[in-house]
Structures are given as C-alpha cells and as structure tokens.
Amino acid sequence: MKKTLVAALVAATTLSFGLPAEAKTLEEILRDKGIISAEDYQAAVKKNDLAYYRPGRGITVESRDGNYTAHIGGRLQVRYTYTDVDDPALEDNSDFNIQRMRVSMRGNVYNPNLYYQWQHDFGGGGGATLKDAVLGYKFMDELSVQAGQFKAPTSRQQLTSSGSQMFVDRSLADGFFNLGRDRGIMARGAFADNLVEYMAGVFNGNGENRSNPENNHLWALRVDINPLGRFPMDEPSFNEPKPLLNLGASIATTTVTTADQGNGNNNSGLLRNAVGLNNLVIGPNEDVDVWTATLNAHFKWMGLSAAAEYYFANIDPDGHSDWDADGYYLQAGYQIIPETLELALRYSAVDSTDSSAPTAVRFDQNQFQIAAGYYYKKHRAKIQADYTIHKDDLRDNRDDNIFRVQAQVIF
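None of these values were measured; they are calculated from a predicted model.

*Asks:* How would you sum up the overall build of the protein? Please name residues and give values.
*Replies:* Scanning the protein from N- to C-terminus turns up six helices and 18 strands. Over its C-alpha atoms, taken along the principal directions, the protein stretches across nearly 90 × 45 × 45 Å. Per-residue burial over the protein gives 43% buried out of 411 residues. Pairs at least 24 apart in sequence give 58% of the contacts found in the protein among residues at least 6 apart. Entry remark: accessible area of the protein is about 20300 Å², with carbon and sulfur atoms responsible for 58%. Each charge class in the protein was averaged separately, 39 positive and 51 negative side chains, and the resulting centres sit 13 Å apart.

Here it is as structure tokens:
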C-alpha cells in the first residue's frame, strides 16, 4: 500500500512538471487508481477548495479557517407585460422589460460573526441603483445588530425577496403599503429554535438612497411566531414533509414634514400611495404623523401554500382630521407536479375612502389574479405567468386587464 502511494506521488510530480496545463491533482490520481473512493475524493476536494461555484449561490471564495468568505452572485428577471387599457383615449400597452438585474456579494470578514451584504440593481430602466449595503455583527442567535441600507421590518410579503414570490410580483396591497428599503440601524434575533423571531430598527424614513432632511425618524418593529418550526421567507411550498405555519405582526411610525415631500418618497409605497404625501397640502410648520401595522398568517405543506396579510395606516396631519387606509391580500397555490408546476389564485384590495381623507389621496381598488409557474430548479430557474383583472371604483376608465410572463435565473 505504501509503495502504491509513493508511486502515485511520483506520478503526480512527473505530470506536474511535464504537462502543467493537463496535470491532475493528487486527489484525482488517487481516485483514478482506486486508492481512494469517490466519496473520499469529494470530501478531500471540498475541504481543500478555497473558490468554488454553487448553483443559485454564485461563486464562493473563503479562507480555510472560515474567518473570510465572499459569496458573489446575481439574479436576472426578464418580463413581458401586455395591458388591455380600459381608457378609450389610450392605446393598449405591450412592453418587454428587464425587471431586475441584481448583482450581490455577501459574507464575513475577520471572524464568522462580522458580516456584510451588498446588492446593486441594473434593471428596470432607471440606471444602476444601490439596493442593499449592510454591515452587521452577530453576537448570538438571539441578537444581531446591523446598519446601512436594507428593508424596514414591516410586511412579510415585502421582506420576502421578489425572486421568491408565487406570482410574477407582489400584491396590490403590498405595493400601496410597503415601506421598502431605508437607511438606519436594526437589531434582530430568534429564540427557542426560531419559534419566535424579531426585528426592531430606526431609519431615516425617506426611502432608499436618501438622507434625512430633518430630525424625524421611522421606527419599526416586527415579530414572527413559527409554532411548527422555522418558516423560510419563501412563498411556494416545495413539498415540505411536515406542515409549517407563520403568524406575524409589525408596527411602524414616522412623522413627515414639507421637507420630506419630493425627497425620494416615491421609493415607499406607504408614503407615495397610502399617505399620498406628495399630494398633501402641508403648511411650513405642520407635521403629519403616520402609523402603520400589518398582520399575516402563512401556511405550507406538501405543495400547498396559503397566505393572508392585512395592512393598516392612520394619517394624522396637524390642524386637520385624521383618516385611515387599509388593504389586504388572500392567496393560495398548489404544485400539481411537485417542485415543478404550480397554479395559484390571489385577491387583493386597498381602500382609503374615509370622509376625512382629502379627495386627492382617496383610493378604492382591487385585483383578482390567476398564475402558473414552472420551476426548473426551484427559484434558481423558473418561468411564471399571471393574468390580472384590475378594478378602480373611484375613477372611470381604469378597469384594466394585465397579462405578464417572467423568466428568472439566479446565478
């Protein structure tokens, strides 16, 4: 046995000097000669690799001690949308778009607990946009602290990646009430093997890539309960062997002023739509207090997934009566071919018809959607299509029909 190993080492040295471009590694030679098994070869290669590729996770570069890692990858979504416009004065719309072209890097430096994350978007037609820039430290499972730019902890659907949705994109209600990304600091953690999870943070309150023009902030808190085990941020059910249940709630508050109007608040569905900030008449010494909350229940098991989420907002301008706005979605899907073919239904509605609300910011809309998804490698490679019937009960000629098809690859 020793003579065989020596011979293999000599052969490896000879090949290395004689044919450097074709040289085999020592592990390959030992495997080819039958000295080690295929399993031993895979274990040896995995242990020694410092750079490798994993489908859906990208290129990983790491030190052997684990103190330095970098995962470099990305996500591409190409979309076609056809809109049958109700308004007779407008043309129907047929549009090809690069919905998202994300490039990201994440990992840790100096020790496994000091982590970072960066993400840029080159799609959507708006040029390159910074999405995430995070620096954080994990003290324990119960406490991590991070600062930078990332999503404020509000609705579960908003916190679930756009690449992990059951439909082509998120619901009407989430579009109206989400807080999106912001700059700030947040603590997060989990207790009792992910039975209870929390996120609590303070942010500028002006949307992504924006500084704060005054001294008010956005405060947000989210709590999740997973009584049947950890519930991933992923909408479809990929044949889970046991049922999973998530119950969650969030609350957030901020105060906006005239300085906030037109200061990038188009990044926030809540301030742009539910509050109608840029359509409000705010005096120079007036503030608008905003409270928002969400409640959700999500379930999945053996290809069946169901979700419901409720959104609420109270808008209270100085010197004027306050008003409420709310919305919700109900959706369900089933993979008729496990991990491959899925059908889904969703109904979503938003309402702000409180008599105290200014006419310019009132809305009453709903959508019914049907969807089909083909998963080649789960979310890593998939094609989704959905058909939407959109109703607007406060405006004429706004009842549109929308067809979308989208292909995604995560690399």
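And the narrative resumes.
*Asks:* I'd love a proper account of the packing of aromatic side chains, names of residues and values included.
*Replies:* Across all of its chains, the model carries 10 aromatic pairs by this definition. Between Phe150 and Phe203, the aromatic rings sit 5.6 Å apart at their centres with planes inclined by 75 degrees, giving edge-to-face as the arrangement. One end of the pair, Phe150, is in strand 7 (residues 143-151); the other, Phe203, is in strand 9 (residues 196-203), and 53 residues separate them in sequence. Residue class for Phe150 comes out buried when judged on its relative accessible area of 5%. For Phe203, a relative accessible area of 1% translates into the label buried.

*Asks:* Go over the side chain of Thr83, please, and point to the residues and values.
*Replies:* With respect to the element layout, Thr83 can be found in strand 3 (residues 69-84). For Thr83, a relative accessible area of 15% translates into the label buried.

*Asks:* Kindly report on the pairing of strand 9, identifying the contributing residues and their values.
*Replies:* As paired elements, strand 8 (residues 181-191) and strand 9 share eight bridges and run antiparallel to each other. Paired with Phe191 across the strands is Val196, a residue of strand 9. Adjacent in sequence and paired antiparallel, strand 8 and strand 9 are bridged by four residues, among which Ala192 carries a positive phi angle near 50 degrees. Where strand 9 meets strand 10 (residues 218-225), eight bridges bridge the pair, whose relative direction is antiparallel.

*Asks:* Provide a residue-level description of the side chain of Glu208, including the pertinent values.
*Replies:* Tracing the backbone shows Glu208 in the loop between strand 9 and strand 10. Under the relative-accessibility criterion, Glu208 is labelled buried at 9%.

*Asks:* Hey, could you go over a nonpolar patch on the surface for me, with residue numbers and the actual values?
*Replies:* Taken together, Tyr82, Leu295, Tyr310, Tyr328, Leu330, Leu345, Tyr347, Phe368, Ile370, Tyr387 and Phe403 make up a surface patch of nonpolar side chains, about 970 Å² in accessible area. Listed by contribution, the elements that provide at least two residues to the nonpolar patch are strand 14 (323-337), strand 15 (341-352) and strand 16 (363-375). Relative to the helices and strands, Phe403 is located in strand 18 (residues 401-410).

*Asks:* Let's hear about the pairing of strand 4 (residues 93-108): which residues, and what values?
*Replies:* Summarising the sheet, strand 3 and strand 4 pair through 15 bridges and their orientation is antiparallel. What sits directly across from Gly73, in strand 4, is Ser104. Sheet topology places strand 4 next to strand 5 (residues 114-121); seven bridges connect them, and they run antiparallel. Its bridge partner being in strand 5, Arg106 is matched across the sheet by Gln117. The turn linking strand 4 back onto strand 5 is made up of five residues, and Tyr110 within it adopts a positive phi angle of 70 degrees.

*Asks:* Talk me through unusual backbone geometry; I want residue IDs and the actual numbers.
*Replies:* Phi at Tyr110 takes a positive value of approximately 70 degrees, unusual for a residue other than glycine. Tyr110 gets classed as exposed once you look at its relative accessible area, which sits at 61%. One non-glycine residue, Asn209, adopts positive backbone phi at about 60 degrees. Tracing the backbone through its elements, the reader meets Asn209 in the loop between strand 9 and strand 10.

*Asks:* Please give an account of the nonpolar core that cites residues and values.
*Replies:* In terms of nonpolar packing, the biggest core is built from 37 residues, with Phe177, Leu270 and Val275 touching the most fellow members. Elements with a minimum of two residues in this core: helix 5 (172-177), strand 9, strand 10, strand 11 (244-256), helix 6 (269-274), strand 12 (288-301), strand 13 (304-317) and strand 14. Leaving out residues up to four positions away in the same chain, Phe177 has contacts with Gly269, Leu270, Ala274, Tyr311, Ala313, Ala325, Asp326, Gly327, Val350 and Phe363.

*Asks:* Lay out the pattern of salt bridges in plain terms, naming residues and giving numbers.
*Replies:* Here the structure, examined in full by the defined rule, presents 10 salt bridges. Where Lys131 meets Glu208, a salt bridge forms, and the shortest distance between an N and an O atom there is 3.1 Å. You can see Lys131 sitting in strand 6 (residues 129-140) and its partner Glu208 sitting in the loop between strand 9 and strand 10, a full 77 residues away along the chain. In terms of burial, Lys131 and Glu208 fall into one category: buried. Through salt bridges that share partners, Arg79, Arg100 and Asp169 make up one connected network.

*Asks:* Give me the confidence of the model for the protein: which residues, what numbers.
*Replies:* Close inspection of predicted coordinates is inappropriate for parts of the model with low pLDDT. Put simply, the protein has an average pLDDT of 90, and 91% of its residues get 70 or more. Here residues 1-22 is modelled with pLDDT under 50, and outside its nearest four sequence neighbours on either side it reaches 15 contacts, counting other chains as well.

Conventions and cut-offs
- Residues numbered from 1 in each chain as written.
- Predicted model: local features only at pLDDT ≥ 70, side-chain atom pairs only at ≥ 80, totals over all residues.
- Heavy atoms only, no water.
- Helix = DSSP H or I, 4+ residues; strand = E, 2+ residues; numbered from the N terminus.
- Buried < 20%, exposed > 50% of the residue type's maximum accessible area, 1.4 Å probe, protein only.
- Contact = heavy atoms within 4.5 Å.
- Areas by Shrake-Rupley, 256 points an atom, 1.4 Å probe, with all protein chains shown as cover.
- Lys, Arg positive; Asp, Glu negative; His and termini not counted.
- Charge placed at Lys NZ, Arg CZ, Asp CG, Glu CD.
- Phe/Tyr/Trp six-rings, centres within 6.5 Å; stacked < 30°, edge-to-face > 60°.
- Pairing = 2+ DSSP bridges.
- Patch = residues over 30% accessible without salt bridge, like charges linked within 9 Å, V, L, I, M, F, W, Y side chains within 5 Å.
- Salt bridge = Lys/Arg side-chain N within 4 Å of Asp/Glu carboxyl O.
- Core = buried A, V, L, I, M, F, W, Y, C linked by side-chain atoms within 4.5 Å.
- pLDDT = per-residue confidence, 0-100.

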